[in-house]
Amino acid sequence: MENDFVDQVAISRSISHVPPAHFLLKIEAFSSLVENDVENYKSLEFDAGGYKWKLVVYPNGNKNENVKDHISVYLAMVDTSSLGHGWEVYVIFRLFVLDQKKDEFLILQDAMGKQRRFHGLKLEWGFDQFIPLEEFINASNGYLVGDTCVFGAEVFVKETKECTGECLSMMKLTSASNYKHVWKIENFSKLEDRFYESEVFVAGDQKWKILLLPKGLGEAKGSHISMYLELTDSSTITGGSKIYVHFTLRIRNQLLSKHYEKKAGEWLNTSNKFGGWTNFVELNYLNKAGNGFLVNDVCIVEAEMPVLGISKAL
């Protein structure tokens, strides 16, 4: 029986000055991924051997495989809907990380040229313990320089294509970046429309607004309010680019300091411009006298975004 992922004993490690033939992934501000507990990052699609692939990086290790203190890296096959029933693709692949000080790549691959079988129930292969996190972030090594690192992939099926690439840039916003927006809503109990929108505000060079449904949406209709953060201008993320936003939506307690809030991290793109909650807060709890969320029929809503990430093709 095949293991779900590569047997760590059967791994070949080598060094090369030659970059990968098919794909490079540059990640800026890598520490932001670790500190904000981003589970994984999936790269843009790239072509190799007549098929489409993605590079998947777990900056804190693949928790589904109980990995600790290591970075996990995998090759994932994508866009397989046109392959028909019962397809199988046998692949030899190599995964790379750049030592920027020595200008050479550390390469991991299955030993003895072993092939991995990709099929409908197994679309991902790779290395649970690609590199120890301590070794990776150690300043004396060259894998992480200026909080920037570079991964890569080579995939050998039948043929190769020109290498493509992607750059993921993570940034922590400061108070000077206007990352917090306050929205004061008056006559809250008299709101009759299905939804309301805040003024557009700017954070991380992107335009946003808060979307509020005072009577809820879907299953939450009549019992909760629904609230979302919306990316209002998606023209900056065309061509397969995407934005990661780690945000908080909050209703201020105007009597006490116990504000009601929820936090989330979302990848947004042209087809998914919203992040938030259908059942943000129960209406009974919000309206209860003395809870401090409605004072003189005024509700104060805040959006806060301490971290943004932007992924664009090179």
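Everything numeric here is computed off the predicted structure, so don't read it as measured data. (Residues numbered from 1 in each chain as written. Predicted model: local features only at pLDDT ≥ 70, side-chain atom pairs only at ≥ 80, totals over all residues. Heavy atoms only, no water.)

Observations regarding the packing of aromatic side chains
Then comes step 1: Applying the stated criterion to the full structure yields 18 aromatic pairs.
Then comes step 2: Relative to Phe127, the ring of Phe93 lies with its centre 6.0 Å away and its plane at 55°, an arrangement referred to as tilted. Here Phe93, found in strand β7 (residues 88–99), pairs with Phe127, found in strand β10 (residues 124–132); they are 34 residues apart in sequence, far enough to count as distant.
Then comes step 3: According to the relative accessible area criterion, Phe127 is buried, its value standing at 0%.
Then comes step 4: Here the aromatic rings of Tyr244 and Trp267 are separated by 4.9 Å at their centres, their planes lie at 50°, and the arrangement is tilted. Taken together, the positions of Tyr244 in strand β18 (residues 242–251) and Trp267 in strand β19 (residues 260–268) put the pair 23 residues apart, joining distant regions of the chain.
Then comes step 5: Among the residues examined, Tyr244 registers a relative accessible area of 6% and is labelled buried.
Then comes step 6: Owing to a relative accessible area of 24%, Trp267 belongs among the partly exposed residues under this scheme.
Then comes step 7: Chaining the aromatic ring pairs together yields one cluster made of Phe30, Phe93, Phe127, Phe130, Phe136, Tyr143 and Phe151.
Then comes step 8: Taking the ring centre of Trp125 as reference, the NZ or CZ of Lys122 above it sits at 4.4 Å. (Phe/Tyr/Trp six-rings, centres within 6.5 Å; stacked < 30°, edge-to-face > 60°. Helix = DSSP H or I, 4+ residues; strand = E, 2+ residues; numbered from the N terminus. Buried < 20%, exposed > 50% of the residue type's maximum accessible area, 1.4 Å probe, protein only. Lys NZ or Arg CZ within 6 Å of the ring centre and 35° of its normal.)

A look at unusual backbone geometry
Then comes step 1: Residues other than glycine seldom take positive phi values, yet Asp103 does so here, at roughly 55°.
Then comes step 2: Topologically, Asp103 is positioned in the loop between β7 and β8 (104–110).

Side note on the confidence of the model for the chain
Then comes step 1: Averaged over the chain, the pLDDT score is 88; the fraction of residues at 70 or greater is 92%.
Then comes step 2: Across residues 1–9, where pLDDT falls below 50, the model places 24 contacts with residues more than four positions away in sequence or in other chains. (pLDDT = per-residue confidence, 0-100. Contact = heavy atoms within 4.5 Å.)

Some details on the domain arrangement of the chain
Then comes step 1: Under the domain assignment used here, the chain contains domain 1 (11–162) and domain 2 (166–313).
Then comes step 2: Each of domain 1 and domain 2 has a C-alpha centre, and these two points are 34 Å apart.
Then comes step 3: Contact with domain 1, which involves 17 residues of that partner, is made by 15 residues of domain 2.
Then comes step 4: Interface area, domain 1 with domain 2, both sides summed: about 1300 Å², of which 55% is carbon and sulfur.
Then comes step 5: The three residues of domain 1 that bury the most area against domain 2 are Asn36, Tyr41 and Leu44, which together make up 42% of that side's buried surface. (Domains from an automatic or database assignment. Buried area = accessible area lost by both parts, 1.4 Å probe.)

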